[in-house]
Amino acid sequence: MVFIEMLLVLLITATMLSVPTVFSQKIIKDTATQLFIEDLQSSITMAQNHAVLSGNWSVIDVSAKKGMISFRTFPEAEKEVTYQLQLPENVTTPSNKQYIFNGGSGNLQSFSTLYFDIDGIRHGLVFQLGSGRYHWD
């Protein structure tokens, strides 16, 4: 009888200890996704500001295959600014695109929507014509 009571107490304790783990994993994943989005927005702003202030083009390369977004200056100089942003596990993009901010003005040479699938839901980062502004769709 004592053995059954000990097993029951052990089962209840194990269940109570595992519940926060399940919820914390979702919170960690959601936080990583939100941090990625904020880092992406900051990096886009940084690339545009660099193009305006330095007079050199800034290039954003999106690679679906590598799951990476690269930010670099053009033409490549000795002090080239290069930054890579890795997509989280739950974020994918079907796109291989390149966005170029013109030196001096910071305007985009081409514009289109950059799509991301976040936990199976499609989101779009819509760039506006020329201005380099964007918004989430």
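The shown structure was predicted, so the numbers you read here are calculated from the model rather than taken from an experiment.

## Topic: a nonpolar patch on the surface
Where nonpolar side chains cluster on the molecular surface, the patch consists of Val2, Phe3, Ile4, Met6, Leu7 and Leu10 and spans about 660 Å² of accessible area. Relative to the helices and strands, Val2 resides in helix H1 (residues 2-54). Looking at Val2, the relative accessible area reads 55%, which means it is exposed.

## Looking at H1
The terminal C-alpha atoms of H1 lie 76 Å apart, and with 53 residues this matches the ideal 78 Å at 1.5 Å per residue to within 8%. Considered for burial, the residues of H1 that qualify are Thr33, Phe36, Ile37, Leu40, Ser43, Ile44, Ala47, Gln48 and Ala51.

## Things to note about the packing of aromatic side chains
Counted by the stated rule, this structure contains four aromatic pairs. Seen in terms of ring centroids, Phe71 and Tyr83 are 6.1 Å apart; in terms of plane orientation they differ by 35°. Their pairing is tilted. Taken together, the residues span a long stretch of sequence, with Phe71 in strand S2 (residues 68-74) and Tyr83 in strand S3 (residues 82-86) at a distance of twelve residues. Given a relative accessible area of 2%, Phe71 falls into the buried group. Residue Tyr83 is classed as partly exposed on the basis of its relative accessible area, which comes to 31%. Aromatic side chains Tyr99 and Phe127 sit 4.6 Å apart centroid to centroid with 35° between the ring planes, which places their arrangement in the tilted category. Taken as a pair, Tyr99 in strand S5 (residues 97-101) and Phe127 in strand S7 (residues 121-127) lie far apart in primary sequence, 28 residues in all. The class of Tyr99 is buried, set by a relative accessible area of 1%. Ring pairs connect the aromatic residues Phe36, Phe116 and Trp136, which therefore count as one cluster.

Rules behind the numbers
- Residues numbered from 1 in each chain as written.
- Predicted model: local features only at pLDDT ≥ 70, side-chain atom pairs only at ≥ 80, totals over all residues.
- Heavy atoms only, no water.
- Patch = residues over 30% accessible without salt bridge, like charges linked within 9 Å, V, L, I, M, F, W, Y side chains within 5 Å.
- Areas by Shrake-Rupley, 256 points an atom, 1.4 Å probe, with all protein chains shown as cover.
- Salt bridge = Lys/Arg side-chain N within 4 Å of Asp/Glu carboxyl O.
- Helix = DSSP H or I, 4+ residues; strand = E, 2+ residues; numbered from the N terminus.
- Buried < 20%, exposed > 50% of the residue type's maximum accessible area, 1.4 Å probe, protein only.
- Expected span 1.5 Å × (residues − 1).
- Phe/Tyr/Trp six-rings, centres within 6.5 Å; stacked < 30°, edge-to-face > 60°.

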